[in-house]
Amino acid sequence: MTRAKAGSALDSARVVLGLRQNLAQFMLLVAVNALVGGTLGQERTVLPLLADDVFGLDQYTAALTYILAFGLSKAATNYFAGTLSDRYGRKPVLVAGWLVAIPVPLMLIFGPSWGWIVAANVFLGVSQGLTWSTAVIMKMDLTGPKQRGLAMGLNEAAGYLGVAVTALATGYIASTYGLRPGPFLLGAAYIALGLGLSVLTIRETHHHAKTEASQHVSTHRSAGAGLTTGQVFTLTSFKDRSLSAASQAGLVNNLNDGLAWGLFPVLFVSSGLNLNQVGILAAVYPAVWGAGQLFTGAVSDRWGRKWLIVTGMIVQAAGLAIVAASHSFRPWLIAAVLLGLGTAMVYPALLAAIGDVAHPTWRARSVGIYRLWRDGGFAVGALLSGFLADLYGIPVAIAAVAALTAASGLVVAVRMRSNDHMLD
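Residues numbered from 1 in each chain as written. Predicted model: local features only at pLDDT ≥ 70, side-chain atom pairs only at ≥ 80, totals over all residues. Heavy atoms only, no water.

Let's talk about the packing of helix 6 (residues 90-101) against helix 8 (residues 114-143)
Part 1: Relative to each other, helix 6 and helix 8 sit at 155 degrees, their axes nearing to 8 Å. For the element pair helix 6 / helix 8, the angle class is roughly antiparallel. Crossing of helix 6 against helix 8: the hand is left-handed. Seen from helix 6, the contacting residues are Arg90, Lys91, Val93, Leu94, Ala96, Gly97, Trp98, Val100 and Ala101; seen from helix 8, they are Phe123, Val126, Ser127, Leu130, Thr131, Thr134, Ile137, Met138 and Asp141.
Part 2: Each residue belonging to the contact of helix 6 with helix 8 can be placed in one class, and the counts come to eleven nonpolar, four polar and three charged. (Axes fitted to C-alpha atoms, helices over the stretch in contact; angles between N-to-C directions. Helix = DSSP H or I, 4+ residues; strand = E, 2+ residues; numbered from the N terminus. Parallel < 35°, antiparallel > 145°, perpendicular 65-115°, else oblique. Left-handed = near helix turned anticlockwise from the far one by under 90°. Contact = heavy atoms within 4.5 Å. Nonpolar A, V, L, I, M, F, W, Y, C, P; charged D, E, K, R; others polar.)

Details of the packing of helix 12 (residues 229-239) against helix 13 (residues 241-270)
Part 1: For the pair helix 12 and helix 13, interaxial distance at closest approach is 6 Å and the crossing angle is 70 degrees. Classified by the angle between their axes, helix 12 and helix 13 sit roughly perpendicular to one another. Of the residues in helix 13, those in contact with Leu235, Thr236, Ser237, Phe238 and Lys239 of helix 12 are Arg241, Leu243, Ser244 and Ser247.
Part 2: Split into classes, the residues belonging to the contact of helix 12 with helix 13 amount to three nonpolar, four polar and two charged.

Focus: the side chain of Thr134
Part 1: Along the chain, Thr134 falls in helix 8.
Part 2: One polar contact links the side chain of Thr134 to the main-chain carbonyl oxygen of Leu130, over a distance of 2.4 Å.
Part 3: Leave out the neighbours within four places in its chain, and Thr134 touches Arg90, Val93 and Leu94. (Polar contact = N/O pair within 3.5 Å; in protein donor to acceptor, adjacent residues only side chain to side chain.)

Here we look at empty space enclosed by the protein
Part 1: Throughout the structure, instances matching the rule amount to three cavities of 30 Å³ or more.
Part 2: Volume-wise, the largest cavity comes out at about 90 Å³.
Part 3: Looking at the largest cavity, the residues that line it are Arg44, Ala260, Trp261, Phe264, Pro265, Phe268, Leu281, Ala282 and Tyr285.
Part 4: Looking at the lining of the largest cavity, the element that brings in the most residues is helix 13, giving five residues.
Part 5: For the lining of the largest cavity, a count of residues per class yields eight nonpolar, no polar and one charged. (1 Å grid on protein atoms, 1.4 Å probe; cavity = no way out; pocket = protein on both sides within 12 Å on 5 of 7 lines; lining within 4 Å. Points joined across faces, edges and corners; volume = space filled by probe spheres on them.)

Overview of the environment of Thr311
Part 1: Position of Thr311 among the secondary structure elements: in helix 15 (residues 306-325).
Part 2: Under the relative-accessibility criterion, Thr311 is labelled partly exposed at 39%.
Part 3: As a C-alpha pair, Thr311 and Leu263 span 48 residues in sequence and 25 Å in three-dimensional space.
Part 4: Side-chain polar atoms of Thr311 contact the backbone oxygen of Trp307, separated by 2.8 Å. (Buried < 20%, exposed > 50% of the residue type's maximum accessible area, 1.4 Å probe, protein only.)

Here we look at the environment of Arg363
Part 1: Considering the arrangement of structural elements, one finds Arg363 in helix 17 (residues 363-392).
Part 2: Residue classification places Arg363 among the buried residues on the basis of a relative accessible area of 3%.
Part 3: Of note is the side chain of Arg363, whose polar atom sits 3.5 Å from the side chain of Asp141.

Encoded structure:
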């Protein structure tokens, strides 16, 4: 046996799966994902207002081009992130994601035209696809199957609490110091800290996945080891009932999030709310979403994924309907809470559902493909909501997306299996 092979065998012998056994690395990854979320949160309150106030973009479809660019680049990068992390390891992909983010705050601060803002969001989408996808994969590697829902809940909670805190902070900074450069300096600090933590403290987790693969029993005949990337794509997107149901629900979930990101601040300001109120509403939705996942991920481990997802999609639809029908701060605050609660039910359960069915040898690719569909929802949401808003106004666009969200929940009710989480 060569020295390299002996070292590899020794590493495998030392690998132990479980949240408690890998708590230090897991919590470092939670902190990194909070910074990933904060990097996205720097835009949530400010960018829709920048489009109108600084660049004079009147048509909603044109103003939402930055979400379209973000969604397309992030969705495509998600697809490759899983394959790259299988080939080169998780940590190099995570570090690469932070390096890609470095130009983003500078482009947002100094960009002289809207094209610069759109280009910055291409970089941001690539960065988010690499960092967030890899953080998800690494946590799945560390925890193993028994606490997958809890792990995904903690991961997504950290990310979206990072979004919420930063959306609130940037709303305050913008109202006090202006739309540029203050809010984006916060994003620059997040990127520097995230890159430092990823380089200096995060360890590779690919060997954890290999250990789990050696112990894994496939839940279905089609979900065994040794699939090509094309076969994984077809299985995740269309053929497997649970995987495909999760993929379409993820797409619709982020479709309505893209709508909320791009059109809610414009609606709120046009109805007379000030920047602090807009910042509060922009923060409450991801704050409830983030905090709720501390509980909903663990609940899905105990009670199952399917009906939590169905209920979450219906609750989101109700929140969107209230936004469409209302004209003042208080009902919009209630709607933001409902949107956050519904998304908290859905987000970790969908990721855990993918992990339930996917074999550890191709789980990273399946997660990447699911996230391709899910984050493609940003692009679909930008196009659909912008088109409808231009033709019929923002409330009609929101009402249409509410109906689509409810329909997606019904698809999950009909198509997803109920007991995949019990088969690990």
